[in-house]
Amino acid sequence: MPVLVEAASLAAALRRPEVIDGAPLDALQEGMLALLRAQPAALVDPARDLARSLLRCHLGQRGIALFGALRDAAPQDASAVRLRIAGALAQLGGEVGGESDEALQKLADPKLPRSERLAIIAAIADLATPRPIDEALRLWNALVPQAALADAFSTNTHFALSFLQIVEIIAAAHVHPDRLIGPEGRARMDADEHRVRQRIHREERL
């Protein structure tokens, strides 16, 4: 599966969507579904990169179908994974549903393990990035009170590490390239990357 994810990235960079469309994308979907069943957390890293690649390949609708199938198969208790899948759908222009609000309710549980809490916070912040600014600010503001939680596992005397981690997550989401760069700017960057890759390939053939 990692090879197919990388192939999608290269297809996007070289503007060759036919390389990944069809059977390769079907195989990738089956591989991601298998990974989701065996190790849901391992799906977090490739989800956003794949969504970006499919968008650049003008395969947004195919990507919405792929991530929609993943969302339907994702365990209900795997909140962070479901949020990452929803984030990929948001990036592709798909329907996100109420994943973020359900996750915020889960964060209200004071007994939620710290590692799971941080994973959910990071996923919500990421999900909010491509959303309209009013909705993004609503979600980011809802995460701010989480920074007040005590870090029971910290040995520091002057600060709690989890506080800094949460502040960093929220701050990074505010300045994410997907928020700062509009569609026209992103298209220009993609075009520049395409020209650079074309030149590299030409020089390699010499």
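Look a little higher up for the structure.
Residues numbered from 1 in each chain as written. Predicted model: local features only at pLDDT ≥ 70, side-chain atom pairs only at ≥ 80, totals over all residues. Heavy atoms only, no water.

### Some points on the overall build of the chain
The secondary structure content of the chain amounts to 11 helices and zero strands. Overall, the chain shows an N-to-C arrangement of helices and strands of α-α-α-α-α-α-α-α-α-α-α. A fraction of 66% describes how many contacts in the chain between residues 6 or more apart in sequence connect residues 24 or more apart. Surface accessibility of the chain: about 11,400 Å² in total, with carbon and sulfur atoms responsible for 57%. (Helix = DSSP H or I, 4+ residues; strand = E, 2+ residues; numbered from the N terminus. Contact = heavy atoms within 4.5 Å. Areas by Shrake-Rupley, 256 points an atom, 1.4 Å probe, with all protein chains shown as cover.)

### Here we look at a nonpolar patch on the surface
Taken together, Leu-161, Phe-163, Leu-164 and Val-167 make up a surface patch of nonpolar side chains, about 320 Å² in accessible area. Within the fold, Leu-161 resides in helix α9 (residues 161-174). (Patch = residues over 30% accessible without salt bridge, like charges linked within 9 Å, V, L, I, M, F, W, Y side chains within 5 Å. Salt bridge = Lys/Arg side-chain N within 4 Å of Asp/Glu carboxyl O.)

### Considering helix α8 (residues 133-143)
Those residues of α8 that sit buried are Ala-136, Leu-139, Trp-140 and Leu-143. Projected onto a plane normal to the axis of α8, the buried residues spread over an arc of 95° and lie on a single side. (Buried < 20%, exposed > 50% of the residue type's maximum accessible area, 1.4 Å probe, protein only. Arc of directions from axis to C-beta.)

### Some points on the side chain of Arg-82
Counting through the fold element by element, Arg-82 comes out in helix α5 (residues 79-92). The residues contacting Arg-82, other than those within four sequence positions of it, are Arg-71, Ala-74, Pro-75, Gln-76 and Glu-99.

### Side note on the nonpolar core
Among the nonpolar cores identified, the biggest contains 27 residues, and Ile-20, Met-32, Leu-50, Leu-66, Phe-67, Leu-70 and Ile-85 are the most heavily contacted of them. Mapped by element, the contributors of at least two residues to this core are α1 (2-13), α2 (23-38), α3 (44-56), α4 (60-73) and α5. In contact with Ile-20, not counting residues within four places along its chain, are Leu-4, Ala-7, Ala-8, Ala-11, Leu-25, Cys-57 and Leu-59. In this structure, Leu-83, Leu-107, Ile-120 and Ile-170 belong to the second largest nonpolar core, which totals 25 residues. (Core = buried A, V, L, I, M, F, W, Y, C linked by side-chain atoms within 4.5 Å.)

### Some thoughts on the pattern of salt bridges
Summed over the entire model, instances satisfying the criterion amount to seven salt bridges. Between Arg-82 and Glu-99 there is a salt bridge, with its nearest N and O atoms 2.8 Å apart. Note that Arg-82 is positioned in helix α5 and Glu-99 in helix α6 (residues 99-107), a separation of 17 residues in sequence. Take Arg-82 and Glu-99: they sit in the same class, and that class is buried. The shortest N-O distance in the salt bridge between Glu-135 and Arg-131 comes to 3.5 Å.

### Section: unusual backbone geometry
Unlike most non-glycine residues, His-58 shows phi in positive territory, near 60°. Locating His-58 in the fold gives a position in the loop between α3 and α4. The class for His-58 is exposed, based on a relative accessible area of 72%.

### Let's talk about the packing of α3 against α5
One way to put it is that α3 packs onto α5 with a least axis distance of 9 Å and a crossing angle of 10°. Considered as vectors, α3 and α5 are oriented roughly parallel to each other. Mapping the contact onto sequence places Val-44, Ala-47, Arg-48, Ala-51, Arg-52, Leu-54 and Leu-55 in α3 and Val-81, Arg-84, Ala-88, Gln-91 and Leu-92 in α5. (Axes fitted to C-alpha atoms, helices over the stretch in contact; angles between N-to-C directions. Parallel < 35°, antiparallel > 145°, perpendicular 65-115°, else oblique.)

### Observations concerning the packing of α6 against helix α7 (residues 114-128)
In the contact formed by α6 and α7, the axes pass within 10 Å of each other and the chain directions differ by 150°. As the angle between them shows, α6 and α7 are arranged roughly antiparallel. In the crossing of α6 with α7, the sense of the turn from one axis to the other is left-handed. Here Ser-100, Ala-103, Leu-104, Lys-106 and Leu-107 of α6 lie close against α7, whose contacting residues are Glu-116, Arg-117, Ile-120, Ile-121, Ile-124 and Leu-127. Class assignment of the residues belonging to the contact of α6 with α7 gives a composition of seven nonpolar, one polar and three charged. (Left-handed = near helix turned anticlockwise from the far one by under 90°. Nonpolar A, V, L, I, M, F, W, Y, C, P; charged D, E, K, R; others polar.)

### Some thoughts on the environment of Ser-115
Tracing the sequence through the fold places Ser-115 in helix α7. With 47 residues separating them along the chain, Ser-115 and Ser-162 place their C-alpha atoms 9.5 Å apart.

### Some thoughts on the side chain of Glu-99
Relative accessible area serves as the criterion here: at 10%, Glu-99 is assigned to the buried category. Among the polar contacts made by the side chain of Glu-99, one reaches the side chain of Arg-82 at a distance of 2.8 Å. Here Glu-99 is in contact with Arg-71, Arg-82, Leu-83 and Ala-86, once residues within four sequence places are set aside. (Polar contact = N/O pair within 3.5 Å; in protein donor to acceptor, adjacent residues only side chain to side chain.)

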